[in-house]
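The primary structure of each chain is shown beneath.
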Amino acid sequence: MNFTNFGKYLLLLKAVFRKPEKFNIYMKAIFQQMNFVGVGSLGLIAIISTFIGAVMTLQIAFQLVSDFIPKTIIGSVNRDSSILELSPTITAIVLAGKIGSAISSEIGTMRVSEQIDALEIMGINSPGYLILPKLIAGITMVPVLVICSMFLSIAGGFLGGTLSGAVSPAEYIQGITTDFNPYTIVVALVKAFVFGFIITTVPAYEGFYVKGGALEVAQASTRAVVISCISILACDYIVTQLLL
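Keep in mind the model is a prediction, meaning the values are calculated, not measured.

A. How the structure looks around the overall build of the chain. From N to C terminus, the chain includes 8 helices and 0 strands. The N-to-C order of helical and strand elements in the chain reads α-α-α-α-α-α-α-α. Counting only C-alpha atoms and orienting by the principal axes, one finds that the chain spans roughly 70 × 35 × 30 Å. Looking at the chain as a whole, 44% of its 244 residues are labelled buried. Within the chain, residue pairs in contact and separated by at least 24 positions form 86% of the contacts whose partners lie at least 6 positions apart. Accessible area of the chain: about 12400 Å², with a carbon and sulfur share of 71%. For the chain, the centre of its 14 positive side-chain charges and the centre of its 13 negative side-chain charges are spaced 10 Å apart.

B. Focus on helix α1 (residues 2-16). Taking 1.5 Å as the rise per residue, α1 with 15 residues should run 21 Å; its terminal C-alpha atoms sit 21 Å apart, in good agreement. Within α1, the full set of buried residues consists of Tyr9, Leu12, Leu13, Ala15 and Val16. Buried residues of α1, viewed axially, fall in a sector of 155°; they line one side. In α1, those exposed residues whose orientation departs by more than 90 degrees from the buried face are Phe3, Leu11 and Lys14. Elements in contact with the buried residues of α1: α5 (126-164) and α7 (183-208).

C. Here's a closer look at the UniProt feature "transmembrane region" (unreviewed entry) in the chain. The UniProt feature table records "transmembrane region" (unreviewed entry) at residues 36-62, 135-159, 180-200 and 220-239. Helix makes up 100% of residues 36-62 and strand 0%, with an end-to-end C-alpha separation of 39 Å. Secondary structure over residues 180-200 splits into 86% helix and 0% strand, and the C-alpha atoms at its two ends are 32 Å apart.

D. Main features of the nonpolar core. Within the largest apolar cluster, 48 residues are counted, with the highest numbers of intra-cluster contacts made by Leu95, Ile107, Ile131, Ile199 and Ile232. When residues of this core are traced back to their parent elements, those giving at least two are α1, α2 (23-63), α3 (72-112), α4 (115-121), α5, α7 and α8 (214-243). Among all residues touching Ile131, those that are not within four sequence positions of it are Leu12, Val16, Ile107, Ser126, Ala204 and Phe208.

E. Spatial organisation of the environment of Ala29. Tracing the backbone through its elements, the reader meets Ala29 in helix α2. Given the relative accessible area of 18%, Ala29 is considered buried. Sequence separation of Ala29 and Ala137 is 108 residues, and the distance between their C-alpha atoms is 9.4 Å.

How each quantity is defined
Residues numbered from 1 in each chain as written. Predicted model: local features only at pLDDT ≥ 70, side-chain atom pairs only at ≥ 80, totals over all residues. Heavy atoms only, no water. Helix = DSSP H or I, 4+ residues; strand = E, 2+ residues; numbered from the N terminus. Buried < 20%, exposed > 50% of the residue type's maximum accessible area, 1.4 Å probe, protein only. Contact = heavy atoms within 4.5 Å. Areas by Shrake-Rupley, 256 points an atom, 1.4 Å probe, with all protein chains shown as cover. Lys, Arg positive; Asp, Glu negative; His and termini not counted. Charge placed at Lys NZ, Arg CZ, Asp CG, Glu CD. Expected span 1.5 Å × (residues − 1). Arc of directions from axis to C-beta. UniProt positions renumbered as here; feature names shortened; annotations may be inferred. Core = buried A, V, L, I, M, F, W, Y, C linked by side-chain atoms within 4.5 Å.

Laid out in structure tokens, this is it:
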């Protein structure tokens, strides 16, 4: 059964990438979705990232109690963990819940109310029209949100560490600037691109093939979030294994 679903998912993606009927209609939809995915999620990501950075700094400082370990290591550990893992993965999981459920509910409601059937009768490629703008918005805006999350997480660590007295401002800044490897940002952005693809296409698939009524749409929405989160964690491991 899972192989059947995966096959249907691949066939849906094939239909999504067909040549659009009118580019100007697609462009308008793409900008709307970019606003929904990116701007609409920025506040939530900012709050979560800032607090996670602050908490991480306090936890690292709590564990590094040895006099032989310099306090500057707190900044460098928080920087690398935020860039490589916390910012991409937590941003993606939060967006899977927020964006994924909305996409699945929207397309599922259109399916059960026969709006998708109406589009197909009119000769419109419904997978492309409904899913492609969401997909493009996901793979462009999720990396942007992840970059914002990185900066805010490191800034949150600075605030949390200095306000609590766990680390001085000079030590933290020295820690985040010493031995920085720019390749970690490349790895994080590759993860963000893959996660953006999953966050938009998996819920779209669940919504597109829903059958029944409002109850089935709700079940599909829940299933979309669960599958997206599991896929994100699995791809996180695969990308980390390949690139590091």
